[in-house]
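Architecture at a glance
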Amino acid sequence: MSGAELVLRSTRVITPEGTRAASIAVTGGKITAVLPYDAPVPDGARLEDVRDHVVLPGLVDTHVHVNDPGRTEWEGFWTATRAAAAGGITTLVDMPLNSIPPTTTVDNLRTKRAVAADKAHIDVGFWGGALPDNVKDLRPLHEAGVFGFKAFLSPSGVDEFPHLDQEQLARSLAEIAAFDGLLIVHAEDPHHLAAAPQQGGPKYTHFLASRPSDAEDTAIATLLAQAKRFNARVHVLHLSSSDALPLIAEARADGVQVTVETCPHYLTLTAEEVPDGASEFKCCPPIREAANQDLLWQALADGTIDCVVTDHSPSTADLKTDDFATAWGGIAGLQLSLPAMWTSARERGYGLEDIVRWMSARTSALVGLDARKGAIAPGHDADFAVLAPDETFTVDPAALQHRNRVTAYAGKTLYGVVKSTWLRGERIVADGAFTDPKGQLLDRA
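All residue numbers here refer to positions counted from 1 along the written sequence of the relevant chain. For this predicted model, a pLDDT threshold of at least 70 governs which residues receive local features, and a threshold of 80 or more governs which side-chain atom pairs are given and counted, while totals over whole chains, interfaces and linings are taken from all residues. Excluded from the side-chain calculations are hydrogens and water; all other atoms, namely the structure's heavy atoms, are used.

Let us now look at the pattern of salt bridges. Here, a salt bridge means any Lys or Arg side-chain nitrogen found within 4 Å of an Asp or Glu carboxyl oxygen. A complete count under the given rule lists 27 salt bridges for this structure. Across the pair E48 and R46 runs a salt bridge whose closest N-O atoms are separated by 3.2 Å. A salt bridge links D123 to R424; its shortest N-O distance comes to 2.5 Å. With D123 in strand β8 (residues 123-126) and R424 in the loop between β16 (413-423) and β17 (426-430), this residue pair connects regions lying 301 residues apart in the sequence. We note that D123, like R424, is buried. Numbering of helices and strands starts at the N terminus; helices are DSSP runs of H or I of at least 4 residues and strands are runs of E of at least 2. Think of it in three bands: residues with accessible area under 20% of the maximum for their type are buried, residues over 50% are exposed, and the middle band is partly exposed, with areas taken using a 1.4 Å probe on protein chains only.

Structure (structure tokens):
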């Protein structure tokens, strides 16, 4: 620990080898050693002893819609990254759509980076987008540092980001496979959606019927077949249908390179509890029934589902009308993802080590950042969340940091209070007080 600038000490540090009492030595923003709790503190080092609070590696959220620039009234880099920091998230990867322009060309990526540069409270990376007409832009975007490419197989909800049909999916996937890129996919089949009953109105049961699980299952089957055809790497976004799990397991056994994520709202909220007209619960694909949720948890535990991300997709409050057919579909969950997941996980017998695996280690690995993020280990960035896991709080929307304080968790009592968040050895938020932005813009390694 000689030469350490900071020693962060706790009786409960979550490391890749398990949870133990430890002293974490930090120099130059990197972890240099993880030593016994009572290791001597070198001269000149600052000691921060958080006692029995748990020290986790900072969470890595690879599915966030920041919407900046162009729809900054919906969200923005300043507010989104503050919300993330308040929730123990130290790295996010921004989705290519809902901003104007979308991240579908190198010039548009430069625009996005310029807007984010001085507003990021945490580290930020970027996904590119795969559109029907931008195959020529995919390799240049890859070379410019995006972490992969997002595509929709059904309408995205915004005109500037059209979905791919099967032929367009094949063309994009062939190009992305040629440079060993990653395609991440919103998988709902447009034909199944068009055939589903579209009654509209405030009843959640009607909305749920309009986004049937077979739309997900069919689109995922299509994606898996194309991934096998091109020997391509693909990632299924925000899985909500447990019916698709056997398809995914079978494809993996057959050698298909597929990873899968789900979201806290699918794991912690159920269709049965959504009040009519409460479109703060609307997302696509939708929150499904409790029996479906149980199967998602099982798949997370057995590894069929790799990781958990927020799909933070806020809008202005006026777009959250009481008509589920026309309300904006998106859950705003950045700040609450850790306590929401921890509250449900502890009820089901899982521990914080599981949370770290699902929300930090595996998300880091998904985007190739696992050599520097997602673990408390020597050589990694000194990114930490300090958590009081047994403390509770009741969600007050006014206390949230994202721009439009609409939340499906309003009034819920959750376990897990984030006491402080650290980025490369600097405490960037503690007890609601924030430093100036210290985040860096990340490129694919």
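Before going further, it helps to examine the nonpolar core. Residues F149, L183, L239, M341 and I355 are the most contacted members of the largest nonpolar core, which totals 99 residues. Note on definitions: a residue-residue contact is assigned when non-hydrogen atoms from the two residues lie within 4.5 Å. Among all residues touching L239, those that are not within four sequence positions of it are E216, I220, A244, L245, I248, V260, E261, T262, Y266, L296 and I305. W74, V93, L182 and L442 belong to the second-largest nonpolar core, a separate cluster that totals 18 residues. Among buried residues, those of type Ala, Val, Leu, Ile, Met, Phe, Trp, Tyr and Cys that are joined through side-chain atoms within 4.5 Å constitute a nonpolar core.

Further remarks concern the packing of aromatic side chains. One pair of aromatic rings is described through two measures. These are the centre distance and the angle between the planes. Here is the rule: rings of Phe, Tyr and Trp (six-membered ring for Trp) pair when centre to centre is within 6.5 Å. Planes less than 30 degrees apart are stacked, more than 60 are edge-to-face, and the remainder are tilted. Inspection of every chain in the model, using the stated rule, returns 10 aromatic pairs. Ring centres of W297 and W358 lie 5.9 Å apart, and the angle between their planes is 70°; on these two criteria the pair is classed as edge-to-face. Of the two residues, W297 sits in helix α10 (residues 290-302) while W358 sits in helix α12 (residues 352-366), which places them 61 residues apart along the sequence. As far as the burial class goes, W297 and W358 line up, both buried. Their ring planes at 70° and their centres at 5.4 Å tell us that Y350 and W358 sit as a pair that is edge-to-face. A residue is classified by how much of its surface remains accessible, and W358, at 0% relative accessible area, is buried. In this structure an aromatic cluster arises from ring pairing among Y204, F207 and F324. For R9, the ring lying beneath its charged end belongs to Y37, and the centroid distance is 5.3 Å. Placement of a charge over a ring requires the Lys NZ or Arg CZ to be within 6 Å of the ring centre, with the centre-to-atom vector within 35 degrees of the ring normal.

Consecutive side chains of a regular strand alternate in pointing toward one face of the sheet and then the other. Across the 6 residues of strand β7 (residues 89-94), 6 count as buried, placing the element largely inside the fold. One ladder, built from 4 bridges, connects strand β6 (residues 59-64) with β7; its direction is parallel. Following the sheet pairing, V64 is matched in β7 by D94. By convention a crossover is right-handed if, when the strands point away from the viewer, the path from the first strand over the helix to the second runs clockwise. Handedness of the crossover is the feature at issue here: the chain leaves β6, passes through helix α1 (residues 77-86), returns alongside β7, and the resulting connection is right-handed. Should DSSP find at least two bridges between two strands, the strands are taken to pair.

A few words now on the pairing of strand β15 (residues 384-394). With 4 bridges joining them, strand β5 (residues 54-57) and β15 adopt antiparallel strand pairing. Note that in β15 the partner of V54 across the bridge is L387. Bridge count between β15 and β16: 8 bridges; the pairing is antiparallel. Looking at β16, one finds that A385 is bridged to T421.

Where helix α4 (residues 166-178) contacts helix α7 (residues 213-230), the two axes come as close as 10 Å, and the packing angle between them is 40°. It follows from the interaxial angle that α4 and α7 lie oblique. Note on packing geometry: the crossing formed by α4 with α7 is right-handed. Side by side, α4 and α7 meet where Q166, L169, A170, L173, A174 and A177 of the first sit next to T222, Q226, A227, R229 and F230 of the second. Each residue gets one label: Ala, Val, Leu, Ile, Met, Phe, Trp, Tyr, Cys and Pro are nonpolar, Asp, Glu, Lys and Arg are charged, and the others, such as Gly, are polar. Each residue belonging to the contact of α4 with α7 can be placed in one class, and the counts come to 7 nonpolar, 3 polar and 1 charged. For every element, the axis is a line fit to its C-alpha atoms; helices are fit only across the contacting stretch, and the angle between N-to-C directions ranges from 0 to 180 degrees. Angles below 35 degrees are treated as roughly parallel, those above 145 as roughly antiparallel, those between 65 and 115 as roughly perpendicular, and all remaining angles as oblique. Two helices that cross are described as forming a left-handed crossing if the nearer one is turned anticlockwise from the farther one by less than a right angle, and a right-handed crossing if clockwise.

Another point: α10. Given the number of residues in a helix, its expected span is that number minus one, multiplied by 1.5 Å. Look at α10: 19 Å from first C-alpha to last across 13 residues, which is about the 18 Å you get at 1.5 Å a residue. Of the positions making up α10, those classed as buried are N292, Q293, L296, W297, A299 and L300. Across the axial projection of α10, the buried residues extend over an arc of 160°, all falling on one side. Residues of α10 that are exposed and angled more than 90 degrees away from the buried face: A291 and D302. In this structure, the buried side of α10 is in contact with α8 (245-253), β13 (257-262), α9 (264-268), β14 (307-308), α11 (337-347) and α12. Taken from the residues just after α10, G303 is the one with a positive phi, measuring 90°. For this quantity, the arc is that covered by the directions from the helix axis to the C-beta atoms.

None of this, on its own, says anything about what the molecule does.
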